[in-house]
Each structure stands twice: as structure tokens, then as C-alpha cells.
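Take a look at the letters that make up each chain.
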Amino acid sequence: MSNTAPRTLVDQLDAMGPACLLRAARDASTMFAADVSAPAPAQVDPVPAVLTAAQWDDLTAGLIQRARLLDAVFADLYGPRALLDNTVAPTAELLRDPAYLRPAIGLPAPGGHRLFMLGVRVVQDTDGAWRVIADDIEVPQGAGLTLEIRRVLSRSAPELYRSTAVRHLCPFFDAVRTELHRRAVRAERAGRVVVITDDADPMLAFDHHRFATLLGAPTVVCSDLQTTGGAVVLRAPGGEIDTGDAVDTLLRLVPSAHLDPLDLGPSPIGGVVGLVEAARTGDIAVVNPIGAGLLENPALREALPDLCRELLHEDLHLRSADLSDLDRIATSCCLDPSGGDELVQRPLALRLLMVATADGFSVLSGGIATTLDAAPEAMKDIWVLQPEHSGIADDPAIDDSTVGSAPGATLALENRYLRPGERTPPWGIEDV
């Protein structure tokens, strides 16, 4: 290998070699487990999943269209319900779905959108088209874990993060805070926002608490809240109620059906009696809205192309994926799960997040990629490149040969990215 200081992502991977990458993976997993107070559910792979600016723009256009569509569907199903009389919608399946919470019909909607945050998991097929494998709308996950993955990897493999100009994650969280503030304002005063969680699962608890910390909002469980005089208030540590300590906005990170045992049925986490009525009278705003899980109905998902033409008068950009044939899913370079020295190609799914804003929807410029094959799972950081390639003049780390431009290899860098005269490393960097 060359002794020249590496300047690009491929140079850095070349310089690190398999031993350093494996050590970085072990260090990242150790830091992750220490922060979460639970073993890492998968290997933390330092080799990133990379998307160019052009690929990201194409993907985000489809994601934003999907968010607009799902928001319109929710507004109808919990409002006028005109779609239930339409042959396009799977009316029978929707009416039978226990996630269709009738007490939530007609609840007021703060802000210009009914939905607040949405999660989407996507893959890319070998033809370069993006496909959706799941919509995570009831309880969107991954905001805190996305930051954690980037933090531990930037510490365990800092050379990689210095090599390439990658878009930052902070603007998304700024957008979330701005939108929460906009929805929480009450009578020209800043409203109180709390995040309701369930700490039963350590991984989810960490994800939710990290997210709440970034938003500057306290986390609560159901037993911390009580309704009194139509308002939802916080209990003091001794159990006393302070009627002046009212909550204006509840960011919901627990399933809708667990929120209110009075209107929504028995709750395994206790719930908050009277919460639905308080939301109906406008004393508190619940985001994501109660009942959003209906949008994950499989029959509704299959009907989205027709509903898109019906509601938005557009063709749906992101269609559903078929995971029965992994050979049709584009792959990315990863560490060998068996511990070998060669980088290997593995199919990936990308977990992405969106938030509603005053101007539409904003997409987190990154996320978590997870492997889909039968080998032990790996988690990877998603890099979205700045528009000007890597930001390093005359020596781009990656160009349009990244994610999805070549069938079956989403990170296939051509040998021309190695400096003239360099020997191709024996451990597979030519396929990164």
C-alpha cells in the first residue's frame, strides 16, 4: 500500500485494511453496548452505505410523495371517511383492522399535517429502483439510534469520517424541534412538550430517550400523567397534582391502543384515563396522532398506487418490494460476517425518517442500514454525500458509481479511484 496520506474514502479503507476495520467494528459494538446498557443486536459495520446527492434527491422525492399520500389517507379515514365508499380502498380490511380506533375519529389536528413523524424501510433493486418494504408510522423508531451509530463509528473509525463530505443529521432534529414548538404554542405562550415512552425494551428505551434529549423534552411514562379538569398534568414525585403543570403536546412513542383504557380498552402499560377526551376538546395535542397504525395495514399498502392517483393525481414513485428473491436486491460492501479478510457484498435495507414541517416534509439525511441475508445481521451508517461529491477537489471519494448505479453492487468503486500505479489490495477494496 502507498505511504501517501489517504484523502478519499477508498484511500482510507485501503489504508486501514481488514485488521483495522474489524477492530473498529469491535470498538463500535463495545461503545454501543455500554451506552445502551444492552448487547448490540448486530455487528456495527464501519464500512458505510453511501448515496450520492443525485440518488438521495431521487429517493427523497419518492419519500415525500409517500408521506403526503399517507397523510391524506389518514385525514380521510379519521375525518370524512369518503374513502370507505370508494372502490379503490380496501374497505372491508380496514374496518376489520383493530388498529382502526373509532374513538379517534374527528380528533382535532394541530398543524398543517395530521401525521408528524414517519419511518420507512426501503431497498434498492438491481435495476436501480427504490422499493418500500415497510412503513413505520404507528411508532417511528431509529432517530436516537441513528445518532448513536454515527457517534460510535466516528470515534472508532474517525479517518473514514474525515475522508468524505457527508451531510449532517442536525438539520432534521432542528426541524423536529421547530415543528413541535409550532404545534405546542398555546395562546401566545410556549407550550409544554413531553415524550411518552415505554421502557420495557432497553433498545427502544435508549432510542426514545436519546431522541427526547435532543429535542430538549422530558420523557414520561403513563403513570406520570393524569387528567384533571379536562387537562393532562404531570404528577409530582410524591403523587400530588399541580393543575398549573399542564402538558400541551404529547409526542407519542407508545402504541395508540395503550394510551387510554377508558376509550381505547385495557392497556398493558396502564394508560392515561381521559386522554382521548382531552385530545378531543383540544386541551392536549397528541403526535403522532392516535390511530396512525391503521396506515400499516397490508391491504392498504397494496392499494397505495391507486390511492395515489385518486388523492394526489400522481403515479406512486415508491412501490412495494418483494423480499422473496434477495438476488434482486442491490448489495453493498460489508465486513465478512464469518471474519474473513475480504469485504463481501450483502443486500441492505435502509431505515429512514421523515417529519412534517410547515412547508411539507423533511427527510433525515442518513439513517441505519441493516443486512437482509441469512448471515448474522450487521448495522451500518448511511452516508448522504454533499452535492459536490466528497468535497475534496480533483479527487472525489465516490461518484455516480455508488448506490444502485451498477446492478447487484451498490458501492462498486471502479479501480480508477486508486492512484496510478497502486496495487489493488488483496482483501477486496476494489469492490468497495
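Residues numbered from 1 in each chain as written. Predicted model: local features only at pLDDT ≥ 70, side-chain atom pairs only at ≥ 80, totals over all residues. Heavy atoms only, no water.

So, the pattern of salt bridges
Reasoning step 1: Inspection of every chain in the model, using the stated rule, returns 18 salt bridges.
Reasoning step 2: Ionic pairing is found between Arg-131 and Asp-125, a salt bridge with its closest N-O pair at 3.4 Å.
Reasoning step 3: For Asp-125, a relative accessible area of 8% corresponds to the buried category.
Reasoning step 4: Because the salt bridges share partners, they merge into one network encompassing Asp-35, Glu-148, Arg-151 and Arg-210. (Salt bridge = Lys/Arg side-chain N within 4 Å of Asp/Glu carboxyl O. Buried < 20%, exposed > 50% of the residue type's maximum accessible area, 1.4 Å probe, protein only.)

Re helix 7 (residues 202–215)
Reasoning step 1: Over its 14 residues, helix 7 runs 20 Å from end to end, which matches the ideal 20 Å to within 8%, given 1.5 Å per residue.
Reasoning step 2: Of the positions making up helix 7, those classed as buried are Met-203, Ala-205, Phe-206, Asp-207, His-208, Phe-211, Ala-212 and Leu-215.
Reasoning step 3: Of the residues that open helix 7, the one with a side-chain oxygen 2.8 Å from the backbone nitrogen of Met-203 is Asp-201.
Reasoning step 4: A positive backbone phi angle near 70° is found at Gly-216, which sits one or two residues after helix 7. (Helix = DSSP H or I, 4+ residues; strand = E, 2+ residues; numbered from the N terminus. Expected span 1.5 Å × (residues − 1). Polar contact = N/O pair within 3.5 Å; in protein donor to acceptor, adjacent residues only side chain to side chain.)

Focus on the packing of helix 1 (residues 9–36) against helix 7
For any two helices packed against each other, one specifies the inter-axial angle together with the distance between the axes.
Reasoning step 1: The geometry of helix 1 relative to helix 7 is characterised by a closest axis approach of 10 Å and an angle of 85° between their N-to-C directions. One element, helix 1, and the other, helix 7, form an angle in the roughly perpendicular class. Contacts between helix 1 and helix 7 involve Phe-32, Asp-35 and Val-36 on the former and, on the latter, Pro-202, Met-203 and Phe-206.
Reasoning step 2: Split by residue class, the contact of helix 1 with helix 7 holds five nonpolar, no polar and one charged. (Axes fitted to C-alpha atoms, helices over the stretch in contact; angles between N-to-C directions. Parallel < 35°, antiparallel > 145°, perpendicular 65-115°, else oblique. Contact = heavy atoms within 4.5 Å. Nonpolar A, V, L, I, M, F, W, Y, C, P; charged D, E, K, R; others polar.)

Concerning unusual backbone geometry
Reasoning step 1: In this model, Val-287 is joined to Asn-288 through a cis peptide bond whose omega is -15°.
Reasoning step 2: One non-glycine residue with positive phi stands out, namely Ser-37, at about 60°.
Reasoning step 3: One can find Ser-37 in the loop between helix 1 and strand 1 (43–51).
Reasoning step 4: On the accessibility criterion, Ser-37 (64% relative accessible area) is exposed.
Reasoning step 5: For Arg-81, which is not glycine, the phi dihedral falls at a positive 60°.
Reasoning step 6: Along the polypeptide, Arg-81 turns up in the loop between helix 2 (53–77) and helix 3 (91–96).
Reasoning step 7: The class of Arg-81 is partly exposed, set by a relative accessible area of 37%.

Quick look at the packing of helix 1 against helix 4 (residues 143–156)
Reasoning step 1: Where helix 1 meets helix 4, the axes come as close as 9 Å, and the angle between the chain directions of the two elements is 135°. Of the possible angle classes, the one that applies to helix 1 and helix 4 is oblique. Every pair of crossing elements has a handedness; the one defined by helix 1 and helix 4 is right-handed. The segment helix 1 lies against helix 4, with Ala-24, Asp-27, Ala-28, Met-31, Phe-32 and Asp-35 engaging Leu-145, Glu-148, Ile-149, Arg-151, Val-152, Leu-153, Arg-155 and Ser-156.
Reasoning step 2: For the contact of helix 1 with helix 4, the class distribution of residues is eight nonpolar, one polar and five charged. (Left-handed = near helix turned anticlockwise from the far one by under 90°.)

Quick look at the packing of aromatic side chains
Reasoning step 1: For the structure on display, the rule yields five aromatic pairs.
Reasoning step 2: For the ring pair Tyr-78 and Tyr-100, a centre distance of 5.3 Å and an interplane angle of 80° mean the geometry is edge-to-face. Taken together, the residues Tyr-78 in the loop between helix 2 and helix 3 and Tyr-100 in the loop between helix 3 and strand 2 (117–124) connect sequence positions 22 residues apart. The exposure classification of Tyr-78 matches that of Tyr-100, with both residues buried.
Reasoning step 3: Between Phe-172 and Phe-173, the aromatic rings sit 5.4 Å apart at their centres with planes inclined by 90°, giving edge-to-face as the arrangement. Accessibility assignment for this pair places Phe-172 and Phe-173 in one class, buried.
Reasoning step 4: Among the aromatic residues, ring-to-ring pairing joins Phe-74, Tyr-78 and Tyr-100 into one connected group. (Phe/Tyr/Trp six-rings, centres within 6.5 Å; stacked < 30°, edge-to-face > 60°.)

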